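# Observations on the three-dimensional arrangement
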Amino acid sequence: MRRLASACLLAVTAFGLSGRAEAGRLEQIKARGYLGCGVYPGVAGFATVKDGRYSGFDTDICRAVAAAIFGTADKVRFIEVASVDSFRKTPTLDMVVRRLTWTLSRESPLGLLFGPVVYYDGQGFLVPKSAGVTSAQQLTGKRICVDQSEGWDGNLRRYSDANRLDLKSILVPSRAAGEERFFGGGCDAYSADKTMLGAIRADASKPLDFDILPEQISNEPLAPLVRQGDDRFFAIVRWTILALIEAEKLGITANNIDEKRISTDPDTRYLLGVIPGNGKALGLGEHWAADSIAAVGNYGELFDRNVGSASGIGLDRGRNNLWTNGGLMYAPPLR
């Protein structure tokens, strides 16, 4: 009985410590008055900065979370983060959104947590339309520009060997050097993550003269990063992203929220806070999801505006489409 009582006491104590740890990050953010979000400018469509104004897919994810907490997307401060280690050493950074691939080695050993996947990326090929290439299988024996420092050459060699393509890697020291060589005709194709290929294509003098081939030779699920122990805040990050996905499925946009509030659909009413409960569960106002959607739009709007059909990047939705449209984006019930 003494052992049982001791075990119960330890369990209660652990629960109390866990509760305090969970509340800590959210309380800090509210007391500070802004969300500290780490980004890494330099990839068009995902994170860029001009005249002090940050824009892009990654920065809009940050704004959505800020809106869920504060009711406005303006209460976010962007901090440039060069590495996961710099995030761990910066207390005022609450989360990082910077095209980070969700991997085991970046999560558990470092005391970190990845949120939901916000973009399913992967390595592909950029080719000039004039070459008439529509499939990677037509690149047999061709010269492929690839950055030597990103690990893309290993993926390229494995893909080449598996498909007997005899691809010729042309290693470049940087993106700038690679662009110069590729656009100058020194390579037949450029291989990198498709998010990067979209940015590279946008740098061309005539972007419409280049195509990103449909093949994807690696899987790179990109997700936001938070610290282990920030469980309540982690839940807010997770459900904010899922709310944007669910909003697209329900046809809720940044412009029709008021109209949708009078919908009789229960899923819509729960999401927009007309039926209360979700906000209380997260420690937020009942209109947290509506505030996020109003700030950045639903997931489809956010995608199209920054990197999709309405942007200069022009990436296909592909795996980032809703599951109902053949993609992988899916949200569990928000109720």
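Everything in this summary refers to the structure shown in the same document.

Calculation criteria
- Residues numbered from 1 in each chain as written.
- Predicted model: local features only at pLDDT ≥ 70, side-chain atom pairs only at ≥ 80, totals over all residues.
- Heavy atoms only, no water.
- Disulfide = S-S within 2.5 Å.
- Helix = DSSP H or I, 4+ residues; strand = E, 2+ residues; numbered from the N terminus.
- Buried < 20%, exposed > 50% of the residue type's maximum accessible area, 1.4 Å probe, protein only.
- Core = buried A, V, L, I, M, F, W, Y, C linked by side-chain atoms within 4.5 Å.
- Polar contact = N/O pair within 3.5 Å; in protein donor to acceptor, adjacent residues only side chain to side chain.
- Contact = heavy atoms within 4.5 Å.
- Phe/Tyr/Trp six-rings, centres within 6.5 Å; stacked < 30°, edge-to-face > 60°.
- Lys NZ or Arg CZ within 6 Å of the ring centre and 35° of its normal.

### A look at the state of the cysteines
By the definition in use, this model includes 2 disulfides. Residue C37 pairs covalently with C62 via a disulfide, S to S 2.0 Å. Of note, the bridge from C37 to C62 carries an S-S torsion of about -55 degrees and is left-handed in sense. Here the residue C37 occupies a position in strand β1 (residues 35-39), and C62 occupies one in helix α2 (residues 57-70), the gap between them amounting to 25 residues. Judged by its relative accessible area of 0%, C62 is buried.

### Thoughts on the nonpolar core
Counting 88 residues, the largest nonpolar core has F57, Y119, F125 and L139 as its most contacted members. By residue number, the principal contributor to this core is helix α8 (residues 231-250), which donates 12 residues. Core analysis: the next-biggest nonpolar cluster, separate from the first, contains 10 residues, L93, L100, L112 and L225 among them.

### A few points about the side chain of T240
In this structure, T240 sits in helix α8. Separated by 2.6 Å, the side chain of T240 and the backbone oxygen of I236 make a polar contact. Not counting residues within four places of it along the chain, the set of residues in contact with T240 comprises A64, V65, A68, W288 and S292.

### A short note on the packing of aromatic side chains
Here the distance between the centres and the angle between the planes together describe a pair of aromatic rings. If you walk through the whole model with that rule in mind, you get 14 aromatic pairs. Where F46 meets Y119, the ring centres are 5.5 Å apart and the plane angle is 75 degrees; that geometry is what we call edge-to-face. Of this pair, F46 sits in the loop between β1 and β2 (48-50) while Y119 sits in strand β7 (residues 119-121), and the two are 73 residues apart along the sequence. Considered together, F46 and Y119 belong to a single accessibility category, that of buried residues. With 6.1 Å between their ring centres and 85 degrees between their planes, F57 and Y299 make a pair best called edge-to-face. With F57 in helix α2 and Y299 in helix α13 (residues 299-306), this pair connects stretches of sequence that are 242 residues apart. The pair formed by F57 and Y299 is uniform in burial state, with each residue classed as buried. In this structure an aromatic cluster arises from ring pairing among F46, F57, Y119, Y299 and F303. Between the NZ or CZ atom of R32 and the centre of the ring of Y34, over which it lies, the distance is 5.1 Å. Above the face of the Y40 ring, R98 is positioned so that its terminal group lies 4.5 Å from the ring centre.

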